[in-house]
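So you can see what is in the structure, the chains are spelled out below.
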Amino acid sequence: MRTKDKIYIKDLELIAYHGVLAEEKELGQKFLISLELNTSLRKSGLTDDLTKTVSYADICDDVEQLFLSKKNDLLEKCAEEIAELILKKNKTILEVKVKIKKPWAPVRKIIDYAAVEIIRKRHRVYISFGSNLGNKTENIAIALDKINKLSNTEIIKKSTIIETEPFGNVEQDMFLNGVVELETLMDSDELLESLLNIEAEMGRIREIKWGPRIIDLDILLYDDDVINEENLTVPHPWMNERMFVLEPLSEIAPNAVYPLNGKRIWELKKELEKKESQG
(Lines give C-alpha, C1' and ligand atoms only; values in the text may rest on other atoms or scores of the structure.)
Protein backbone atom coordinates (compact mmCIF):
# COMPACT_ATOMS: atom_id res chain seq x y z
CA MET A 1 0.00 0.00 0.00
CA ARG A 2 1.34 3.43 -0.96
CA THR A 3 0.68 6.38 1.30
CA LYS A 4 1.37 10.11 1.36
CA ASP A 5 1.83 10.19 5.15
CA LYS A 6 5.30 11.33 6.20
CA ILE A 7 7.56 11.70 9.22
CA TYR A 8 10.21 14.43 9.03
CA ILE A 9 13.50 14.65 10.88
CA LYS A 10 15.35 17.86 10.09
CA ASP A 11 19.04 18.66 10.55
CA LEU A 12 20.23 16.00 12.96
CA GLU A 13 23.62 17.52 13.83
CA LEU A 14 26.62 15.20 14.14
CA ILE A 15 30.39 15.66 14.24
CA ALA A 16 31.88 12.91 12.07
CA TYR A 17 34.89 12.03 9.93
CA HIS A 18 33.73 11.70 6.34
CA GLY A 19 35.57 13.28 3.43
CA VAL A 20 38.22 12.76 0.77
CA LEU A 21 40.92 14.80 2.53
CA ALA A 22 43.04 13.24 5.27
CA GLU A 23 42.35 16.24 7.50
CA GLU A 24 38.60 15.62 7.30
CA LYS A 25 39.05 12.07 8.54
CA GLU A 26 41.41 13.20 11.29
CA LEU A 27 39.82 16.40 12.63
CA GLY A 28 36.15 15.77 11.86
CA GLN A 29 33.48 18.31 10.99
CA LYS A 30 29.78 19.09 11.32
CA PHE A 31 27.12 17.33 9.24
CA LEU A 32 23.37 17.94 9.19
CA ILE A 33 21.15 14.98 8.29
CA SER A 34 17.48 15.37 7.29
CA LEU A 35 15.07 12.50 6.67
CA GLU A 36 11.65 12.23 5.09
CA LEU A 37 9.97 8.90 5.83
CA ASN A 38 7.01 7.70 3.77
CA THR A 39 4.84 5.48 5.98
CA SER A 40 1.24 5.05 7.09
CA LEU A 41 0.27 7.08 10.16
CA ARG A 42 -3.39 6.06 10.13
CA LYS A 43 -3.29 3.41 12.88
CA SER A 44 -1.12 5.44 15.22
CA GLY A 45 -3.29 8.49 14.62
CA LEU A 46 -6.46 6.58 15.54
CA THR A 47 -5.04 4.71 18.54
CA ASP A 48 -2.35 7.05 19.95
CA ASP A 49 -0.23 3.88 20.18
CA LEU A 50 3.55 4.28 19.80
CA THR A 51 3.90 0.68 18.64
CA LYS A 52 1.79 1.48 15.57
CA THR A 53 4.22 4.08 14.24
CA VAL A 54 7.92 4.68 13.62
CA SER A 55 9.93 6.05 16.53
CA TYR A 56 11.90 9.03 15.25
CA ALA A 57 14.02 8.81 18.43
CA ASP A 58 15.07 5.28 17.43
CA ILE A 59 15.69 6.41 13.86
CA CYS A 60 17.97 9.19 15.10
CA ASP A 61 19.86 6.77 17.35
CA ASP A 62 20.33 4.28 14.48
CA VAL A 63 21.51 6.96 12.06
CA GLU A 64 23.89 8.44 14.60
CA GLN A 65 25.42 5.07 15.41
CA LEU A 66 25.93 4.24 11.74
CA PHE A 67 27.20 7.68 10.74
CA LEU A 68 29.79 7.83 13.51
CA SER A 69 31.04 4.28 12.90
CA LYS A 70 32.38 4.99 9.40
CA LYS A 71 34.89 7.24 7.65
CA ASN A 72 33.59 7.38 4.08
CA ASP A 73 35.06 9.51 1.31
CA LEU A 74 31.73 10.55 -0.19
CA LEU A 75 28.44 11.90 1.12
CA GLU A 76 26.80 9.72 -1.53
CA LYS A 77 28.05 6.60 0.27
CA CYS A 78 26.85 7.94 3.61
CA ALA A 79 23.38 8.64 2.20
CA GLU A 80 23.08 5.18 0.63
CA GLU A 81 24.04 3.50 3.90
CA ILE A 82 21.50 5.51 5.88
CA ALA A 83 18.69 4.81 3.40
CA GLU A 84 19.49 1.10 3.36
CA LEU A 85 19.62 0.91 7.16
CA ILE A 86 16.25 2.63 7.58
CA LEU A 87 14.45 0.55 4.95
CA LYS A 88 15.92 -2.74 6.17
CA LYS A 89 15.16 -2.12 9.83
CA ASN A 90 11.70 -0.56 9.44
CA LYS A 91 9.41 -2.63 7.24
CA THR A 92 6.56 -0.11 7.48
CA ILE A 93 8.64 2.62 5.85
CA LEU A 94 7.96 2.45 2.12
CA GLU A 95 10.27 5.22 0.93
CA VAL A 96 12.95 7.42 2.47
CA LYS A 97 14.52 10.69 1.39
CA VAL A 98 17.96 11.35 2.87
CA LYS A 99 19.66 14.75 2.70
CA ILE A 100 23.13 15.27 4.16
CA LYS A 101 24.49 18.80 4.41
CA LYS A 102 28.17 19.58 4.90
CA PRO A 103 28.44 23.22 6.09
CA TRP A 104 32.24 23.22 6.38
CA ALA A 105 32.95 21.66 2.98
CA PRO A 106 36.57 22.49 1.95
CA VAL A 107 35.79 24.13 -1.39
CA ARG A 108 37.67 27.45 -0.83
CA LYS A 109 34.49 29.35 -1.66
CA ILE A 110 31.84 31.05 0.45
CA ILE A 111 28.86 28.68 0.48
CA ASP A 112 26.12 27.91 2.96
CA TYR A 113 26.72 24.18 2.60
CA ALA A 114 27.36 21.34 0.15
CA ALA A 115 24.85 18.50 0.20
CA VAL A 116 23.54 15.34 -1.40
CA GLU A 117 19.94 14.15 -1.44
CA ILE A 118 18.67 10.72 -2.46
CA ILE A 119 15.30 8.95 -2.49
CA ARG A 120 15.20 5.19 -2.04
CA LYS A 121 12.23 2.85 -1.70
CA ARG A 122 11.09 -0.73 -1.65
CA HIS A 123 10.34 -2.18 -5.10
CA ARG A 124 7.78 -4.85 -5.91
CA VAL A 125 9.01 -7.01 -8.80
CA TYR A 126 7.68 -10.07 -10.62
CA ILE A 127 10.19 -12.45 -12.21
CA SER A 128 9.48 -15.44 -14.41
CA PHE A 129 11.68 -18.52 -14.21
CA GLY A 130 12.04 -21.52 -16.49
CA SER A 131 14.25 -24.53 -17.17
CA ASN A 132 14.31 -27.39 -19.68
CA LEU A 133 17.82 -28.82 -19.36
CA GLY A 134 19.18 -31.32 -16.85
CA ASN A 135 17.43 -31.63 -13.51
CA LYS A 136 14.89 -28.89 -14.10
CA THR A 137 13.37 -28.92 -10.62
CA GLU A 138 16.81 -28.65 -9.03
CA ASN A 139 17.85 -25.88 -11.43
CA ILE A 140 14.85 -23.80 -10.41
CA ALA A 141 15.43 -24.42 -6.70
CA ILE A 142 19.07 -23.32 -7.01
CA ALA A 143 18.17 -20.20 -8.98
CA LEU A 144 15.46 -19.13 -6.53
CA ASP A 145 17.80 -19.68 -3.60
CA LYS A 146 20.39 -17.45 -5.28
CA ILE A 147 17.75 -14.76 -5.88
CA ASN A 148 16.68 -14.90 -2.25
CA LYS A 149 20.31 -14.36 -1.19
CA LEU A 150 20.76 -11.22 -3.28
CA SER A 151 21.48 -8.05 -1.34
CA ASN A 152 18.35 -6.49 0.19
CA THR A 153 16.07 -8.83 -1.77
CA GLU A 154 13.43 -11.28 -0.56
CA ILE A 155 11.06 -13.63 -2.37
CA ILE A 156 7.55 -12.86 -1.07
CA LYS A 157 5.46 -15.28 -3.14
CA LYS A 158 6.11 -18.20 -5.47
CA SER A 159 3.67 -19.67 -7.95
CA THR A 160 3.01 -23.30 -8.66
CA ILE A 161 5.55 -24.72 -11.10
CA ILE A 162 3.89 -25.80 -14.34
CA GLU A 163 5.08 -27.90 -17.29
CA THR A 164 4.73 -26.18 -20.66
CA GLU A 165 5.48 -26.66 -24.30
CA PRO A 166 8.66 -24.92 -25.55
CA PHE A 167 8.12 -21.58 -27.27
CA GLY A 168 9.38 -21.17 -30.84
CA ASN A 169 10.30 -23.70 -33.51
CA VAL A 170 13.34 -25.25 -31.84
CA GLU A 171 13.17 -28.98 -31.09
CA GLN A 172 13.68 -29.32 -27.34
CA ASP A 173 12.40 -30.75 -24.06
CA MET A 174 9.37 -29.52 -22.13
CA PHE A 175 9.84 -26.54 -19.79
CA LEU A 176 9.10 -26.08 -16.12
CA ASN A 177 7.92 -22.50 -15.58
CA GLY A 178 6.72 -20.25 -12.79
CA VAL A 179 6.79 -16.75 -11.34
CA VAL A 180 8.03 -15.22 -8.09
CA GLU A 181 7.22 -11.92 -6.44
CA LEU A 182 10.16 -10.04 -4.94
CA GLU A 183 10.65 -7.13 -2.62
CA THR A 184 14.01 -5.48 -3.28
CA LEU A 185 15.91 -2.27 -2.72
CA MET A 186 17.83 -2.75 -5.99
CA ASP A 187 17.10 -0.54 -8.95
CA SER A 188 16.09 -2.26 -12.18
CA ASP A 189 19.57 -2.23 -13.74
CA GLU A 190 21.15 -3.71 -10.63
CA LEU A 191 18.53 -6.42 -10.45
CA LEU A 192 18.91 -7.28 -14.13
CA GLU A 193 22.68 -7.58 -13.76
CA SER A 194 22.24 -9.84 -10.74
CA LEU A 195 19.82 -12.12 -12.61
CA LEU A 196 22.16 -12.36 -15.59
CA ASN A 197 25.00 -13.24 -13.23
CA ILE A 198 22.90 -16.05 -11.72
CA GLU A 199 22.16 -17.42 -15.20
CA ALA A 200 25.86 -17.29 -16.09
CA GLU A 201 26.90 -18.93 -12.80
CA MET A 202 24.51 -21.78 -13.52
CA GLY A 203 25.95 -22.29 -16.99
CA ARG A 204 23.41 -20.69 -19.29
CA ILE A 205 24.76 -20.16 -22.79
CA ARG A 206 22.86 -17.85 -25.15
CA GLU A 207 23.33 -19.42 -28.58
CA ILE A 208 19.87 -20.15 -30.01
CA LYS A 209 16.95 -17.75 -29.73
CA TRP A 210 14.17 -19.42 -27.73
CA GLY A 211 16.43 -22.45 -27.46
CA PRO A 212 16.92 -24.83 -24.53
CA ARG A 213 18.29 -23.34 -21.32
CA ILE A 214 19.36 -24.51 -17.90
CA ILE A 215 17.70 -21.48 -16.35
CA ASP A 216 15.85 -18.45 -17.65
CA LEU A 217 15.10 -15.45 -15.41
CA ASP A 218 13.12 -12.48 -16.76
CA ILE A 219 11.84 -9.30 -15.13
CA LEU A 220 8.14 -9.11 -15.97
CA LEU A 221 7.00 -6.11 -13.91
CA TYR A 222 9.00 -3.63 -11.84
CA ASP A 223 6.65 -1.58 -9.67
CA ASP A 224 4.38 0.20 -12.16
CA ASP A 225 7.34 1.36 -14.25
CA VAL A 226 7.58 1.38 -18.02
CA ILE A 227 11.25 0.95 -18.93
CA ASN A 228 12.65 1.12 -22.44
CA GLU A 229 16.42 0.85 -22.28
CA GLU A 230 18.96 -0.83 -24.51
CA ASN A 231 19.34 -3.82 -22.18
CA LEU A 232 15.97 -3.87 -20.45
CA THR A 233 12.32 -3.54 -21.44
CA VAL A 234 9.60 -3.58 -18.77
CA PRO A 235 6.89 -4.81 -18.87
CA HIS A 236 8.55 -7.78 -20.49
CA PRO A 237 7.81 -7.87 -24.23
CA TRP A 238 5.40 -10.64 -25.16
CA MET A 239 4.44 -11.44 -21.54
CA ASN A 240 0.79 -10.76 -22.41
CA GLU A 241 1.09 -13.30 -25.25
CA ARG A 242 2.54 -16.18 -23.22
CA MET A 243 0.29 -18.39 -21.14
CA PHE A 244 3.28 -19.93 -19.37
CA VAL A 245 3.86 -16.44 -17.92
CA LEU A 246 0.28 -15.28 -17.36
CA GLU A 247 -0.95 -18.48 -15.70
CA PRO A 248 1.56 -18.49 -12.79
CA LEU A 249 1.55 -14.68 -12.58
CA SER A 250 -2.23 -14.66 -12.31
CA GLU A 251 -2.00 -17.23 -9.54
CA ILE A 252 0.08 -14.99 -7.24
CA ALA A 253 -0.85 -11.51 -8.49
CA PRO A 254 -4.17 -11.56 -10.36
CA ASN A 255 -4.85 -7.88 -9.64
CA ALA A 256 -1.41 -6.55 -10.52
CA VAL A 257 -1.69 -3.91 -13.24
CA TYR A 258 -0.11 -4.21 -16.67
CA PRO A 259 1.08 -0.60 -17.03
CA LEU A 260 0.88 -0.41 -20.83
CA ASN A 261 -2.91 -0.58 -20.86
CA GLY A 262 -4.03 -0.54 -17.21
CA LYS A 263 -5.54 -4.03 -17.34
CA ARG A 264 -5.26 -6.54 -14.52
CA ILE A 265 -3.22 -9.69 -15.01
CA TRP A 266 -6.33 -11.87 -14.72
CA GLU A 267 -7.86 -9.88 -17.58
CA LEU A 268 -4.82 -10.45 -19.79
CA LYS A 269 -4.99 -14.16 -19.02
CA LYS A 270 -8.70 -14.30 -19.85
CA GLU A 271 -8.12 -12.48 -23.16
CA LEU A 272 -5.29 -14.83 -24.12
CA GLU A 273 -7.40 -17.89 -23.24
CA LYS A 274 -10.14 -16.61 -25.52
CA LYS A 275 -7.65 -15.88 -28.30
CA GLU A 276 -6.09 -19.35 -28.06
CA SER A 277 -9.50 -21.08 -27.99
CA GLN A 278 -10.39 -19.35 -31.25
CA GLY A 279 -7.27 -20.73 -32.89
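**A word on the sheet that holds strand β2 (residues 29-38)**
As summarised here, the arrangement of the 4 strands in space is β1-β2-β3-β4, forming an open sheet in which the pairing is antiparallel. Across the chains shown, the open sheet's two edge strands, defined by having one partner strand only, are β1 (6-16) and β4 (114-121). Adjacent strand axes in the sheet meet at a mean angle of 15°, parallel and antiparallel pairs treated alike. Looking at chain direction, β1 and β2 are connected through 9 bridges and run antiparallel. Across the sheet, residue I9 finds its bridge partner in β2, namely L35. Most of the contacts of helix α3 (residues 56-68) go to β1, to which it runs at about 35°, and overall it touches β1, β2 and β3 (95-102).

**Remarks on the confidence of the model for the protein chain**
Model confidence for the protein chain is summarised by a mean pLDDT of 93, while 94% of its residues fall at 70 or above. Here strand β7 (residues 162-164) is the element of the protein chain with the lowest mean pLDDT, 92, and β3 is the one with the highest, 98.

**Structural notes on empty space enclosed by the protein**
For the structure shown, the criterion picks out 1 cavity of 30 Å³ or more. There is about 30 Å³ of room inside the largest cavity. Along the walls of the largest cavity sit H18, L66, F67, K70, N72, C78, E81 and I82, which together make up its complete lining. Taken together, the elements giving at least two residues each to the lining of the largest cavity come down to α3 and α4 (75-89). For the lining of the largest cavity, the element with the highest residue contribution is α4, accounting for 3 residues. Residues belonging to the lining of the largest cavity are distributed by class as follows: 4 nonpolar, 2 polar and 2 charged.

**Side note on unusual backbone geometry**
Between V234 and the following residue, P235, the backbone shows a cis peptide bond with an omega angle of 0°. Looking at the element boundaries, P235 is found in the loop between β11 (233-234) and α7 (243-252). You will see that D11, though not glycine, has its phi angle at about 55°, which is positive. Secondary-structure assignment places D11 in strand β1. Residue classification places D11 among the partly exposed residues on the basis of a relative accessible area of 25%. One non-glycine residue, N152, lies in the positive phi region at around 55°. On the secondary structure map, N152 appears in the loop between α5 (136-148) and β6 (153-158).

**A look at the environment of T184**
Within the element layout of this structure, T184 appears in strand β8 (residues 175-184). Its relative accessible area of 1% is what places T184 among the buried residues. Considering only alpha carbons, one finds T184 and I93, 91 residues apart in sequence, at a separation of 13 Å. Excluding anything up to four places from it in sequence, T184 contacts K121, R122, H123, V125, S151, N152 and T153. Separated by 2.7 Å, the side chains of T184 and T153 make a polar contact. Looking at T184, its side chain comes within polar contact range of the main-chain nitrogen of M186, at 3.0 Å.

**Concerning the nonpolar core**
Formed by 29 residues in total, the largest nonpolar core has its most connected members in L35, I82 and I100. Looking at this core, the elements with two or more residues in it are β1, β2, α3, α4, β3 and β4. Of all the elements, α4 adds the most residues to this core, at 7 residues. Setting aside anything within four residues of it in sequence, one finds L35 in contact with I7, Y8, I9, I59, V63, I82, I86, K97 and V98. One finds A143, L191, L195 and M202 within the second-largest nonpolar core, a separate group that totals 24 residues.

**Some details on the packing of α7 against helix α8 (residues 265-277)**
Axis separation between α7 and α8 bottoms out at 9 Å; the angle between their running directions is 140°. Put simply, α7 runs oblique to α8. You can see that α7 and α8 cross each other, and the crossing is left-handed. Contact with α7, carried on its side by M243, L246, E247, L249 and S250, involves I265, W266, L268, K269, L272, E273 and E276 of α8 and no other residues of that element. A breakdown of the residues in the contact of α7 with α8 according to their chemical character gives 7 nonpolar, 1 polar and 4 charged.

**What to know about the environment of A115**
Secondary-structure assignment places A115 in strand β4. Given the relative accessible area of 35%, A115 is considered partly exposed. Sequence-wise, A115 and L75 are 40 residues apart; in three dimensions their C-alpha atoms are separated by 7.6 Å. Leave out the neighbours within four places in its chain, and A115 touches L75, K99, I100 and K101.

The rules we used
- Residues numbered from 1 in each chain as written.
- Predicted model: local features only at pLDDT ≥ 70, side-chain atom pairs only at ≥ 80, totals over all residues.
- Heavy atoms only, no water.
- Pairing = 2+ DSSP bridges.
- Helix = DSSP H or I, 4+ residues; strand = E, 2+ residues; numbered from the N terminus.
- Axes fitted to C-alpha atoms, helices over the stretch in contact; angles between N-to-C directions.
- Contact = heavy atoms within 4.5 Å.
- pLDDT = per-residue confidence, 0-100.
- 1 Å grid on protein atoms, 1.4 Å probe; cavity = no way out; pocket = protein on both sides within 12 Å on 5 of 7 lines; lining within 4 Å.
- Points joined across faces, edges and corners; volume = space filled by probe spheres on them.
- Nonpolar A, V, L, I, M, F, W, Y, C, P; charged D, E, K, R; others polar.
- Buried < 20%, exposed > 50% of the residue type's maximum accessible area, 1.4 Å probe, protein only.
- Polar contact = N/O pair within 3.5 Å; in protein donor to acceptor, adjacent residues only side chain to side chain.
- Core = buried A, V, L, I, M, F, W, Y, C linked by side-chain atoms within 4.5 Å.
- Parallel < 35°, antiparallel > 145°, perpendicular 65-115°, else oblique.
- Left-handed = near helix turned anticlockwise from the far one by under 90°.

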